[in-house]
Amino acid sequence: FTGQELEALRRSLQGMLLEYKFATREVETKLAVLRDEFKQLHDYNPIEHISTRVKTVDSLLNKAERKGVGLDLPRIRREITDIAGARVTCSFVTDVYRTFDLLAAQDDITLLEVKDYIAHPKPNGYKSLHAIITLPIYLSSGRRDVTLEIQLRTIAMDFWASLEHKIHYKYDGDVPSGMLAELKDAADTAAELDQRMERLHRELHGGPGILTA
Ligand code: 0O2
């Protein structure tokens, strides 16, 4: 690549990433609407926290290289599904599934893939519900369907995942086995806490249907 070609590629990527940014705004609004409506109806907040991020040009280029996708933008769009991401932290496991169901049921959302690491945790103990979706954004040139990765988890799962992520990076993926065992044990403790908290919450509210409209 010449310097000029690289500059042109960066500019196209930046334009593309802006579309992903717009898509994160859309999904953030959808989630905030669900959260605020439930708060109004049930005086209870099923979603504790919503965050979104879009990969930077550099991290996208790194991932494209790692995945052997090359610099073909349509291929990058098709094959890298976590360019834009939203993370939803819920109070209880029930809320995770219910929030996901409500989002997935929306007309303009297409569900491409679901990975349920809550029902099937990763061997290290990682738990979360991952969904790859597309949703439309509307530009001056018309509609564009943008792919996003949504991660939904409980506060306890999130607490675990953020520490595990830091440890993973600190050791560059080569985490000492004693620490891996402790992490797995901590994941089990977090899962047990989720169960206990949900049970207590149900007792308080007198039934399972926290999110039942
Ligand atoms: P980051 O820094 O959070 O963006 P992929 O690697 O995305 O092509 P994969 O591994 O099949 O394909 O995707 P998966 O399993 O859906 O996981 C994608 C994301 O989930 C990761 O993104 C993490 O954010 C999170 N995740 C998955 N496994 C773990 C785990 O064991 N621990 C923690 N803390 N997070 C996990 P990135 O890009 O790997 O990382």
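Keep in mind it's a predicted model, so treat the numbers as computed, not measured.

Asks: Before we move on, could you go through the overall build of the chain and cite the residues and values that matter?
Replies: When helices and strands are tallied, the chain shows 6 helices and 5 strands. Listed N to C, the secondary structure of the chain is α-β-α-α-β-α-β-β-β-α-α in terms of helices and strands. Here the chain holds 213 residues, and the buried ones make up 24% of them.

Asks: Could you give me a rundown of the sheet that holds strand 5 (residues 142-154), with the residues and numbers involved?
Replies: Sheet strands pair via backbone hydrogen bonds, and the direction of the pair is either parallel or antiparallel. Strand order in the open sheet made by the 5 strands is 1-2-5-4-3, with mixed pairing throughout. Edge positions in the open sheet fall to strand 1 (47-54) and strand 3 (110-116), since each of these has one partner strand only. Direction aside, neighbouring strands of the sheet carry axes that sit 25° apart on average. Across 6 bridges, the pairing between strand 3 and strand 4 (residues 129-139) is antiparallel. Looking at strand 4, one finds that D116 is bridged to L129. Relative to strand 5, helix 4 (residues 93-104) is tilted by about 170°, and along the sheet it contacts strand 1, strand 2 (84-90), strand 3, strand 4 and strand 5.

Asks: Help me get a handle on the nonpolar core, residues and values and all.
Replies: The biggest cluster of nonpolar side chains holds 29 residues, and the ones touching the most others in it are A23, V88, V96, L148, I150 and L152. Sorting the residues of this core by element identifies helix 1 (3-42), helix 2 (57-66), strand 2, helix 4, strand 4 and strand 5 as the ones contributing at least two each. Here this core gets 7 residues from one element, more than from any other, and that element is helix 1. Those residues in contact with I150, other than ones at most four positions away along the chain, are A86, V88, A131 and I133.

Asks: Can you break down the pairing of strand 4 residue by residue, with the values?
Replies: Alignment of strand 4 against strand 5, held across 11 bridges, turns out to be antiparallel. Each bridged residue has a counterpart across the sheet, and for Y138 the counterpart in strand 5 is R143. Where strand 4 folds back onto strand 5 in an antiparallel hairpin, the turn is made up of 2 residues.

Asks: Give a detailed account of the UniProt feature "domain: RelA/SpoT" (unreviewed entry) in the chain, specifying residues and quantitative values.
Replies: Annotation from UniProt places "domain: RelA/SpoT" (unreviewed entry) at residues 52-175. Across residues 52-175, the secondary structure splits into 36% helix and 33% strand, with the terminal C-alpha atoms separated by 28 Å.

Asks: Which residues make up the pairing of strand 5, and what values go with them?
Replies: Of the pairings in the sheet, the one linking strand 2 to strand 5 comprises 6 bridges and is parallel in character. Bridge pairing links T89 to R153 in strand 5.

Reading the values: the criteria
Residues numbered from 1 in each chain as written. Predicted model: local features only at pLDDT ≥ 70, side-chain atom pairs only at ≥ 80, totals over all residues. Helix = DSSP H or I, 4+ residues; strand = E, 2+ residues; numbered from the N terminus. Buried ≥ 20, exposed ≤ 12 C-beta atoms within 10 Å, placed from the backbone. Pairing = 2+ DSSP bridges. Axes fitted to C-alpha atoms, helices over the stretch in contact; angles between N-to-C directions. Contact = placed C-beta atoms within 7 Å. Core = buried A, V, L, I, M, F, W, Y, C linked by C-beta atoms within 7 Å. UniProt positions renumbered as here; feature names shortened; annotations may be inferred.

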